[in-house]
Amino acid sequence: MHVITGATGNVGAEVVRLLAAAGEQVTAVSRNPAPQPEGVRHVAADLGDPASLRAAFAGASALFLLVAGPEPEAVLKVAGEAGIRRVVLLSSQGAGTRPDRYAHPAAFEEAVRASGLEWTILRPSGFYTNTLAWAGSIRAHQTAAAPFADVALPFIDPADIAEVAAAVLRRDGHAGRTYVLTGPEAITPRERAAAIGRALGGEVRFTEQSREEARTEMSRFMPAEVVEATLGVLGTPMAAERQVSPDVAAVLGRAPRTFADWAARHAAAFRP
């Protein structure tokens, strides 16, 4: 049985769906109940309260783990005691490129490696779904705003992350591997806005924000240290953060989906 934490999130919900569709036994874990595919068991639990996970982990052999809560060692101890043998951690590319700025996922990675379990670490770049932050302004005014208009980064479709996670959970041969997951090309905020416009059959006007304007907006929903780390990646990316990784193709046997494909599939979110 597979246990999926964060089962209502962009990645976790899709991992649940993929595993259930493949006929696997799945336990979905989230703090609040949510509709699940037929046959999927849901357990309300919190990664911030490792003891609450015992019922979810009972009888499981594999765990999809989010970076959440302050005690990764305690979570992994509960997993090991429950008989879980395999753990797939959804970390962040920044844990490898900027571990001082991404200390929380870096700490989870260290705990996973030291757990004694069979582990695989996934380090995705930025998500295409971050662009949904523009949905309101595009629906109302056909406009989008972001900083660093012409800095290109290889963001990724969360559906591809989920597909990689499901494959790694189900198949042998991935133990001890760290996969960097990116899209197939680096694309700028200006280009993402244009792609959404094409998906809508019109034009999305793009405005470049200053770094300070972006900081003020992001600070409404992010801690200060996360804001600064994110601005660093978006504005002054390292060479490794600009590179397209081959790892999605290596695991799935196909190229990752393009942003244009994602925009076409999600065009309804941007329509008035």
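Everything here concerns the structure above.
Everything in this summary refers to the structure shown in the same document. (Residues numbered from 1 in each chain as written. Predicted model: local features only at pLDDT ≥ 70, side-chain atom pairs only at ≥ 80, totals over all residues. Heavy atoms only, no water.)

1. Quick look at the packing of helix H9 (residues 211-218) against helix H10 (residues 224-235)
Direction vectors running N to C along H9 and H10 enclose 140°, while the axes themselves pass 10 Å from each other. With respect to each other, H9 and H10 are oriented oblique. As H9 packs across H10, the resulting crossing turns out to be right-handed. Where H9 abuts H10, its residues Arg211, Ala214, Arg215 and Met218 lie against Val227, Glu228, Thr230, Leu231 and Gly232. A class-by-class count of the residues in the contact of H9 with H10 yields four nonpolar, two polar and three charged. (Axes fitted to C-alpha atoms, helices over the stretch in contact; angles between N-to-C directions. Helix = DSSP H or I, 4+ residues; strand = E, 2+ residues; numbered from the N terminus. Parallel < 35°, antiparallel > 145°, perpendicular 65-115°, else oblique. Left-handed = near helix turned anticlockwise from the far one by under 90°. Contact = heavy atoms within 4.5 Å. Nonpolar A, V, L, I, M, F, W, Y, C, P; charged D, E, K, R; others polar.)

2. Concerning the sheet that holds strand S3 (residues 41-44)
Spatial ordering of the open sheet is given by S3-S2-S1-S4-S5-S6-S8, a layout of seven strands whose pairing is parallel. Two strands lie at the open edges of the sheet, namely S3 and strand S8 (177-181), each paired on one side alone. Sheet twist, expressed as the mean angle between neighbouring strand axes with direction ignored, is 20°. Where strand S2 (residues 26-30) and S3 come together, four bridges link them in parallel fashion. For Ser30, the partnering residue across the bridge sits in S3 and is Ala44. Packed onto the sheet, helix H5 (residues 103-113) meets strand S4 (62-66), strand S5 (86-90), strand S6 (118-124) and S8 and runs at close to 160° relative to S6. (Pairing = 2+ DSSP bridges.)

3. Notes on the packing of aromatic side chains
Evaluated as defined, the whole model comprises five aromatic pairs. An aromatic cluster of at least three residues, connected via ring pairs, comprises Tyr128, Phe259, Trp262 and Phe270. (Phe/Tyr/Trp six-rings, centres within 6.5 Å; stacked < 30°, edge-to-face > 60°.)

Purely geometric stuff here, so don't read any function into it on its own.
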